[in-house]
Amino acid sequence: MPLLEVEGLRTYYFTRAGPVRAVDGVSFFVEKGEVFGLAGESGCGKTTAGLSILRLLPPYGRIVGGRIVFDGVDLLSIREPEFRRKYRWKRISMIFQGAMNALNPVFRVGDQIAEAIMLHEKVSKEEAMDKVRELFKKVGIEPSRVDNYPHEFSGGMRQRAMIAMALACNPELVIADEPTTALDVVIQGQILDLLRKLKDEYDLSVILITHDMSVIAELCNRVGIMYAGKLVECADVRTIFKEPSHPYTQGLISAIPSLTGPKVRLKSIPGAPPDLLNPPRGCRFHPRCPYAVDKCRREEPEYVRVGKLHWVACHLVA
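The present account deals with the structure reproduced in this document. Note that the structure is a prediction, hence the values are computed from the model and not measured.

Cut-offs applied
Residues numbered from 1 in each chain as written. Predicted model: local features only at pLDDT ≥ 70, side-chain atom pairs only at ≥ 80, totals over all residues. Heavy atoms only, no water. Helix = DSSP H or I, 4+ residues; strand = E, 2+ residues; numbered from the N terminus. Rg over C-alpha atoms; globule rule 2.2 N^0.38 Å. Buried < 20%, exposed > 50% of the residue type's maximum accessible area, 1.4 Å probe, protein only. Areas by Shrake-Rupley, 256 points an atom, 1.4 Å probe, with all protein chains shown as cover. Lys, Arg positive; Asp, Glu negative; His and termini not counted. Charge placed at Lys NZ, Arg CZ, Asp CG, Glu CD. Pairing = 2+ DSSP bridges. Axes fitted to C-alpha atoms, helices over the stretch in contact; angles between N-to-C directions. Contact = heavy atoms within 4.5 Å. Patch = residues over 30% accessible without salt bridge, like charges linked within 9 Å, V, L, I, M, F, W, Y side chains within 5 Å. Salt bridge = Lys/Arg side-chain N within 4 Å of Asp/Glu carboxyl O. Disulfide = S-S within 2.5 Å. Expected span 1.5 Å × (residues − 1). Core = buried A, V, L, I, M, F, W, Y, C linked by side-chain atoms within 4.5 Å. Arc of directions from axis to C-beta.

## Let's talk about the overall build of the protein
- Looking only at helices and strands, the protein has 11 helices and 12 strands in total.
- Taken over the C-alpha trace, the protein has a radius of gyration of 20 Å; the compact-globule value for 318 residues is 20 Å, and the two agree within 12%.
- C-alpha atoms of the protein, sized along the principal axes, occupy 65 × 50 × 40 Å.
- Here the protein holds 318 residues, and 51% of them are scored as buried.
- Accessible surface for the protein amounts to roughly 15500 Å². Of this, 50% is attributable to carbon and sulfur atoms.
- For the protein, the separation between the mean place of its 43 positive charges and that of its 38 negative charges on side chains is 4 Å.

Here's what the structure looks like:
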C-alpha cells in the first residue's frame with residue numbers, strides 16, 4: 001500500500017466573486033521512499049494540493065471533496081487537535097516556499113525549531129536545543145548559529161534551516177514547496193544535493209512542488225503535471241521527458257533549454273492559464289492547445305491509464 005493516496009481531491013477558495021477551483025478532482029499516490037514531483041505553471045494548484053494534505057489552508061479555503069489517505073488512515077476524518085498532535089509535523093512536515101517569510105523574524109532560528117520538537121516530543125528545552133544543533137550539522141550550518149535571527153542568515157542558510165525544521169520530528173513524508181526559489185544556481189545545486197542526501201539518510205518520502213522541470217529531472221522518481229487545478233499527466237520521470245503524451249506536458253518539455261544540443265529558439269505555450277472562478281468547458285487546456293478539436297471544447301477528458309504507471313487526461317491520447 002502506498003504511504004499516501006490522494007483521491008479526487010477538490011479544494012476551493014471561496015471569494016465574493018465565487019469559488020476558485022484551485023484543486024478540482026486531483027488523484028495521485030506516493031510510495032514509501034520515493035520522491036514524487038508536482039509540476040506546472042504558477043497558479044495551477046500545486047501548493048494548494050500540498051497545503052491540503054497538511055490541512056493548512058487559509059480561512060477562505062476549504063476541502064470540499066475527495067480523500068487523503070496516509071498510511072491507511074483518512075486524514076480528513078480526523079479532528080483537528082488529534083491531527084495536529086499525531087500527524088502535522090510529527091509524521092508529515094513541509095518546507096515552505098520563501099524561507100524568509102516562513103521563519104518568524106522576531107524569534108531566534110534555533111528557538112523556532114526547538115518549539116516544534118517540544119510540541120511533539122516530551123523533552124526539555126535543553127534537549128530540544130541539543131537536537132537542533134545536531135540538525136544544523138546535518139544541513140550544513142554551524143551549530144553555534146542557533147541563537148541567530150533569520151535576518152542574520154543568507155538565503156541558502158535560511159533554506160537549510162527550513163529543511164532542519166521539517167526534519168525536527170523525524171517525519172515519514174516531507175512536502176517541499178519550491179525549495180530552491182530565489183536561490184542562485186550554485187546554492188540551488190547544494191540544496192538539491194542536501195535534499196537527496198537527507199532523503200536517503202532518513203528514508204523519507206518527498207513530494208517536490210516546483211515549476212522547474214530541470215529540478216524534477218534531477219531529483220524525482222515520478223511526476224504529476226498539473227494544469228488549472230487538474231492533474232493532466234502522471235508517469236515516471238523518464239517517460240515524462242522521453243515520451244510526454246499530453247500537449248501541455250510537451251509544451252513544458254519544449255521550453256527547457258539544452259546545454260549540449262543545437263542553439264534553437266525555445267518554444268513557448270501561447271496564452272495564459274484560465275480563470276479558475278470560471279474555468280472553460282471541456283478540457284481546460286483547449287484554449288491554448290494547438291491540437292484541440294471540437295470534442296476538447298465540449299467534454300472534459302477522463303484520466304485514463306495508457307501504460308505502466310502512466311496516466312493521461314487527453315481526448316487525443318485516450
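Moving on from the coordinates now.
## A look at the sheet that holds strand β8 (residues 205–210)
- The strand order across the open sheet formed by 8 strands is β6-β7-β8-β3-β9-β10-β12-β11, and the pairing between neighbours is mixed. Every other strand in the sheet has two partners, leaving β6 (92–95) and β11 (304–307) as the edge strands with one partner each. The sheet shows a mean angle of 25° between the axes of neighbouring strands, direction not considered.
- Of the strand pairs in this sheet, strand β3 (residues 35–39) and β8 are connected by 5 bridges, and their pairing is parallel. Each residue of the ladder has a partner; that of V35, found in β8, is V206.
- Running over the sheet, helix α1 (residues 46–54) touches β3, β6, β7 (173–177), β8 and β9 (222–227) and is turned about 145° from β6.

## Structural notes on a nonpolar patch on the surface
- Together, Y291, V293 and L316 give the surface a local cluster of nonpolar side chains, amounting to about 270 Å² of exposed area.
- Its location among the elements puts V293 in the loop between α10 (247–254) and α11 (294–298).
- Given the relative accessible area of 36%, V293 is considered partly exposed.

## Observations concerning the state of the cysteines
- Using the criterion set out here, one finds 0 disulfides in the structure.
- Here C220 is not disulfide-linked; the sulfur of C234 is the nearest cysteine sulfur, at 11 Å.
- Of all cysteine sulfurs, the one in C296 lies closest to C283, which takes part in no disulfide; the gap is 6.0 Å.
- Taking relative accessible area as the criterion, C283 reaches 13% and is therefore assigned buried.

## Let's talk about helix α6 (residues 155–166)
- The end-to-end C-alpha distance of α6, which contains 12 residues, comes to 17 Å, matching closely the 16 Å that a straight helix rising 1.5 Å per residue would cover.
- Within α6, 11 of the 12 residues are buried, leaving the element largely enclosed by the surrounding structure.
- Every buried residue belonging to α6 is among G156, M157, R158, Q159, R160, A161, M162, I163, A164, M165 and A166, and all of these are buried.

## A short note on the sheet that holds strand β2 (residues 18–30)
- Strands sit in the order β2-β1-β4-β5 across an open sheet of 4 strands; the sheet is antiparallel. Looking along the sheet, the strands with just one partner apiece sit at the ends: β2 and β5 (73–74).
- Inspection of the sheet shows strand β1 (residues 4–15) paired to strand β4 (residues 61–70) by 8 bridges, in the antiparallel sense. Bridge pairing in β4 places V6 opposite I68.

## What to know about the environment of G189
- One can find G189 in helix α7 (residues 185–202).
- Classification of G189 by relative accessible area gives partly exposed; the value is 24%.
- Once the C-alpha coordinates of G189 and V123 are considered, the two residues, 66 residues apart in sequence, prove to be 35 Å apart.

## Quick word on the nonpolar core
- One finds L4, F28, I113 and I207 to be the most contacted residues of the largest nonpolar core, which totals 96 residues.
- For this core, the element with the most residues is α6, which contributes 7 residues.
- Once you skip the residues sitting within four places of it in the chain, L4 turns out to touch F28, F29, V30, I53, I68, V69, F70, L173 and I207.

## Looking at the pairing of β4
- Looking at chain direction, β4 and β5 are connected through 2 bridges and run antiparallel. For V69, the partnering residue across the bridge sits in β5 and is D74.
- Linking β4 to β5, which pair antiparallel, is a turn of 2 residues; within it D71 sits at a positive phi near 50°.

## Remarks on unusual backbone geometry
- Look at E178: it is not a glycine, yet its phi comes out positive at around 45°.
- When you line up the elements, E178 lands in the loop between β7 and α7.
- According to the relative accessible area criterion, E178 is buried, its value standing at 8%.
- The phi dihedral of L309 is positive, around 55°, even though this residue is not glycine.
- With respect to the helices and strands, L309 occurs in the loop between β11 and β12 (310–312).

## Details of helix α5 (residues 125–139)
- For α5, which comprises 15 residues, the first-to-last C-alpha distance of 21 Å matches the rise-based estimate of 21 Å (1.5 Å per residue) to within 8%.
- Taken together, the buried positions of α5 are occupied by A128, M129, K131, V132, L135, F136 and V139. Around the axis of α5, the buried residues are gathered within 160° of arc, so they sit on the same side. Of the exposed residues in α5, those oriented more than 90 degrees away from the buried face are E126, E134 and K137.

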